[in-house]
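Structural description and commentary
Here is what each chain is made of, one letter per residue.
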Amino acid sequence: MSKDFQLRRHRRARRVTLRVKPDASLVVTAPPRVPERVIRDFVADRAGWIESARERLRAVQGRRPEHLNATHPGRLELPAIDRVLVIRYEQGDRLRWRARGPETIELTGAEHPDDARALLVDVLKAMARGSLEPRVREFAETHDVHPGRITWRNPNTRWGSCSSNGNLSLSVRLLLLERPVADYVLLHELAHLEHPNHSKAFWAKVEAMCPDYRLRERELKAASRAMPVWVTG
Ligand SMILES: [Zn+2]
């Protein structure tokens with residue numbers, strides 16, 4: 001049984017919940033005032049559940065290519081923008097990243113997997129702003145739709161969303177997809193500017209913009225299951 005866990009207090013949490021992260025560590029989320037003793041008991045009671053969650057994880061990861069399980073990747077392959085970045089790690093007290101030449105990124109102070117992930121996601125945000133965002137604007141112009149602000153995030157379950165005032169929130173993980181699949185997601189979100197739902201009219205719009213969207217949707221589902229640990233956490 002593991003007593004080690006990361007405790008996150010959430011103001012809006014209603015109850016104590018457990019999550020085993022892809023690096024096999026345990027995250028406990030709890031409402032602000034639940035005493036730590038109660039949380040420890042809760043975790044102890046669920047030792048069996050935790051162990052089987054870890055077993056399932058090991059089984060899934062055992063079937064995955066080794067490079068997907070690395071918390072400190074040596075390279076970032078970004079097929080959506082046809083680039084490969086070499087990542088170098090340096091020791092240091094301050095957590096930061098900087099470009100060392102056109103295809104090399106240096107990360108400092110990122111020994112902990114969470115810190116490495118935070119920096120790598122920042123790198124992806126910079127890449128997305130520079131390379132994917134212009135493509136969104138180009139698609140928007142071609143298809144005569146008018147998105148507002150574009151924000152890049154790293155959510156766990158969504159590739160993108162479109163708010164009622166036309167702002168787009170897109171996942172930095174799009175960079176890790178093959179280009180036609182990433183483009184499909186961009187077009188899908190742009191189609192939501194006209195149809196804020198998944199109605200027949202919406203899918204007709206998607207099909208007009210991206211005729212092979214059914215294939216891309218399938219590829220997207222498969223890619224979702226093959227995201228590397230350094231980005232999913
Ligand atoms: Zn949608």
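This section reports on the structure supplied with the text. (Residues numbered from 1 in each chain as written. Predicted model: local features only at pLDDT ≥ 70, side-chain atom pairs only at ≥ 80, totals over all residues. Heavy atoms only, no water.)

Sheets are built from strands paired through backbone hydrogen bonds, the pairs being either parallel or antiparallel. Spatial strand order, 4-5-7-6: four strands in an open sheet with mixed pairing. Of all strands in the sheet, those bounded by a partner on one side alone are strand 4 (75-78) and strand 6 (96-99). On average, each strand axis in the sheet is tilted by 25° relative to the strand beside it, whichever way the strands run. Bridge analysis of strand 5 (residues 83-90) against strand 7 (residues 104-108) gives five bridges, and the strand direction is parallel. Note that in strand 7 the partner of Arg88 across the bridge is Glu106. (Pairing = 2+ DSSP bridges. Helix = DSSP H or I, 4+ residues; strand = E, 2+ residues; numbered from the N terminus. Axes fitted to C-alpha atoms, helices over the stretch in contact; angles between N-to-C directions.)

Turning next to the environment of Glu77. Within the fold, Glu77 resides in strand 4. On the basis of relative accessibility, which here comes to 48%, the residue Glu77 falls in the partly exposed class. Counting along the chain gives 123 residues from Glu77 to Lys200, while the straight-line C-alpha distance between them is 36 Å. Ignoring anything within four residues of it in the chain, the contact list for Glu77 reads Arg83, Val84, Leu175 and Leu176. Polar contacts involving the side chain of Glu77 include one to the side chain of Arg75, which spans 3.3 Å. (Buried < 20%, exposed > 50% of the residue type's maximum accessible area, 1.4 Å probe, protein only. Contact = heavy atoms within 4.5 Å. Polar contact = N/O pair within 3.5 Å; in protein donor to acceptor, adjacent residues only side chain to side chain.)

The next point concerns the environment of Ala80. As for its position among the elements, Ala80 is in the loop between strand 4 and strand 5. Overall, the relative accessible area of 0% leaves Ala80 in the buried class. Residues Ala80 and Arg173 lie 93 residues apart in sequence; the distance between their C-alpha atoms is 9.6 Å. Excluding residues within four positions of it along the chain, Ala80 makes contact with Arg135, Leu174, Leu175, Leu177, Glu178, Arg179 and Ala182.

Below, the discussion takes up the coordination of the zinc ion. Around the zinc ion, the protein supplies His188 (NE2), His192 (NE2) and His198 (NE2) as donor atoms, at distances of 2.0 to 2.1 Å. Donor residues binding the zinc ion come from one chain and are separated in sequence as H-x3-H-x5-H. The pair formed by His188 and His192 is uniform in burial state, with each residue classed as buried. (Donors = N, O, S within 2.8 Å, 3.2 Å for Na, K, Ca; no water.)

As a further point, take the side chain of Arg117. Among the structural elements, Arg117 can be located in helix 3 (residues 113-142). In this view, Arg117 contacts Lys21, Val229, Trp230, Val231, Thr232 and Gly233; residues no more than four positions away in its chain are not counted.

With that settled, the discussion passes to the packing of helix 3 against helix 4 (residues 179-191). Helix 4 packs onto helix 3 with a crossing angle of 55° between their chain directions and a minimal axis gap of 10 Å. Taken together, the axis directions place helix 3 and helix 4 in an arrangement best described as oblique. For the pair helix 3 and helix 4, the crossing hand works out as right-handed. Packed against helix 3, whose contacting residues are Leu132, Arg135, Val136, Phe139 and Ala140, the element helix 4 presents Arg179, Asp183, Leu186, Leu187 and Leu190 at the interface. Among the residues forming the contact of helix 3 with helix 4, the class breakdown is seven nonpolar, no polar and three charged. (Parallel < 35°, antiparallel > 145°, perpendicular 65-115°, else oblique. Left-handed = near helix turned anticlockwise from the far one by under 90°. Nonpolar A, V, L, I, M, F, W, Y, C, P; charged D, E, K, R; others polar.)

Scanning all chains against the criterion turns up two aromatic pairs. Pairing Phe202 with Trp203 gives two aromatic rings, centres 4.9 Å apart and planes at 75°, and the pair type is edge-to-face. Judged by relative accessible area, Phe202 falls into the buried class, the value being 0%. An angle of 20° between the planes, with centres 5.3 Å apart, marks the rings of Trp203 and Tyr213 as stacked. A residue pair is termed long-range when its members are at least 10 positions apart, and Trp203 in helix 5 (residues 200-209) and Tyr213 in helix 6 (residues 213-224) qualify at ten residues. (Phe/Tyr/Trp six-rings, centres within 6.5 Å; stacked < 30°, edge-to-face > 60°.)

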